[in-house]
Amino acid sequence: PVYGNIPPAEFFPLFEENGCIGELDRYIWEKACQTVRTSFEHGHKVVPFSINVSKVDFLASNLADIIYDIVTENGLNPEFIRIEVTESACTFSKENVQRTVQKLHDYGFKILMDDFGKECSSFEMLSELPIDILKIDTSFIQNHDKTKKDKVIMDTLVRLARELELESVIEGVETEEQ
């Protein structure tokens, strides 16, 4: 009532700092799966959806099992869910991320490398993690028609994804030119 709607980019860092992000994420994952299950039950066509995983979530050694249990307890197939992992998670706890992402992939989840190019892009992580989809950060498309460098980088990342046999998603596309 005092501040109005507060965007996630403003409150997520606070939840990560105070250690509550895992509880919030589990609540959101559960609600998302319940909503999709209800839509299926009512005969609505539902498309695959993504869930974001905080870098702090990877500290839980059983994270893959937590996500798998939430999804399957709601009667959903893991192949229907996309797990978004940010580059920052990969630099935060590399071994936990590798182990967890591999297990999630083995369960049948599609794995996305989110915000690729936003931070210190790790091509090593592209080679070590079972990534299915590369989500290129919105900053490249926002400057696509302004700077040659951003256009070349974006085009190169899309070609890289193709060569690695990954799908690519460019965040923030709003115009036909983009």
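Before reading further, recall that the structure is shown in the block above.
Residues numbered from 1 in each chain as written. Predicted model: local features only at pLDDT ≥ 70, side-chain atom pairs only at ≥ 80, totals over all residues. Heavy atoms only, no water.

**Details of the nonpolar core**
Soluble, globular proteins show a tendency: their nonpolar side chains are buried together. Among the nonpolar cores identified, the biggest contains 41 residues, and Ile67, Ile81, Ile83 and Val85 are the most heavily contacted of them. Element by element, the count of residues in this core is highest for helix H3 (residues 63–73), at six residues. Ignoring any residue separated from it by four or fewer positions in sequence, one finds Ile67 in contact with Trp29, Ile51, Val53, Ile83, Leu104 and Phe109. (Core = buried A, V, L, I, M, F, W, Y, C linked by side-chain atoms within 4.5 Å. Buried < 20%, exposed > 50% of the residue type's maximum accessible area, 1.4 Å probe, protein only. Helix = DSSP H or I, 4+ residues; strand = E, 2+ residues; numbered from the N terminus. Contact = heavy atoms within 4.5 Å.)

**Focus on the layout of surface pockets**
Approximately 650 Å³ is the volume found for the largest pocket. If you go around the largest pocket, you meet 23 residues; those closest to its centre are Phe12, Glu16, Asn52, Thr86 and Asp115. Contributing elements (two or more residues each) for the lining of the largest pocket: helix H1 (8–18), helix H2 (21–41), strand E1 (49–53), helix H4 (87–92) and strand E3 (110–116). Of the residues belonging to the lining of the largest pocket, the class tally is 10 nonpolar, five polar and eight charged. (1 Å grid on protein atoms, 1.4 Å probe; cavity = no way out; pocket = protein on both sides within 12 Å on 5 of 7 lines; lining within 4 Å. Points joined across faces, edges and corners; volume = space filled by probe spheres on them. Nonpolar A, V, L, I, M, F, W, Y, C, P; charged D, E, K, R; others polar.)

**Observations concerning the pattern of salt bridges**
One pass over the structure, following the stated rule, counts five salt bridges. Asp65 is the salt-bridge partner of Lys103, the closest N and O atoms lying 3.1 Å from each other. In this pair, Lys103 is assigned in helix H5 (residues 94–107) and Asp65 in helix H3, connecting sequence segments 38 residues apart. Of the charged contacts in the structure, one is a salt bridge between Asp114 and Lys135, with a shortest N-O distance of 3.5 Å. One end of the pair, Asp114, is in strand E3; the other, Lys135, is in strand E4 (residues 133–136), with 21 residues separating them in the sequence. Here Asp114 matches Lys135 in class, with each residue buried. Salt bridges linked by common partners bring Glu84, Asp114, Lys135 and Glu171 together as one network. (Salt bridge = Lys/Arg side-chain N within 4 Å of Asp/Glu carboxyl O.)

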